[in-house]
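Fold and contact review
The primary structure of each chain is shown beneath.
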Amino acid sequence: MGDVVAFPRRPAPEPDRPTREPLWRELVGQVLRARRTDRGETQRAVADRAGISVQYLSEIERGRKEPSSEMLAAVGGALDLQLVDLTRAVGRRLISTAGRPAGPVALAA
């Protein structure tokens, strides 16, 4: 066996330093994961219905990949979630995360 390597801890945000705004892809991943787990489904089942790999679905859910609209439609369809509903859910998370929008908010599907 090799040596055990400790992962560095992320520092806590400083009180006077604002936290970064979440990325769209991160919020999309959160919404998709929440929908999948609420339905009690595995990544394998959803990935199979969407026609993508489990690894790619995992990367989408973790906000690591910026999926195309075709991929979002495929994964959303596998979860009985239309793009407009996905967009609304992500918009609500964005607003709730930020507290209030910094400027005008316009979401298009």
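A quick note: this is a predicted structure, and the numbers were derived from the prediction, not measured.

Cut-offs applied
- Residues numbered from 1 in each chain as written.
- Predicted model: local features only at pLDDT ≥ 70, side-chain atom pairs only at ≥ 80, totals over all residues.
- Heavy atoms only, no water.
- Buried < 20%, exposed > 50% of the residue type's maximum accessible area, 1.4 Å probe, protein only.
- Salt bridge = Lys/Arg side-chain N within 4 Å of Asp/Glu carboxyl O.
- Helix = DSSP H or I, 4+ residues; strand = E, 2+ residues; numbered from the N terminus.
- Axes fitted to C-alpha atoms, helices over the stretch in contact; angles between N-to-C directions.
- Contact = heavy atoms within 4.5 Å.
- Nonpolar A, V, L, I, M, F, W, Y, C, P; charged D, E, K, R; others polar.

For residues besides glycine, phi is generally negative; the peptide bonds are generally trans as well. In the Ramachandran plot, D80 falls in the positive-phi region, its phi being about 55 degrees despite a non-glycine side chain. According to the relative accessible area criterion, D80 is exposed, its value standing at 56%.

The full count for this structure, using the stated rule, is 9 salt bridges. Salt-bridge contacts for R36 lead to E61; the nearest nitrogen and oxygen are separated by 2.7 Å. With a gap of 25 residues between them, R36 in helix α1 (residues 24–38) and E61 in helix α3 (residues 54–61) connect regions that are remote in the sequence. Grouping residues by exposure puts R36 and E61 together as buried. One connected set of salt bridges, linked through shared partners, spans R39, E41, R49 and D80.

Once that is clear, we can look at the packing of α1 against α3. At a closest axis distance of 7 Å, the pairing of α1 and α3 adopts a crossing angle of 115 degrees. Within the contact between the two elements, α1 uses R25, G29, Q30, L32, R33 and R36 and α3 uses S58, I60 and E61. Of the residues that constitute the contact of α1 with α3, the class distribution is 2 nonpolar, 3 polar and 4 charged.

Honestly, it's all geometry; don't read function into it.
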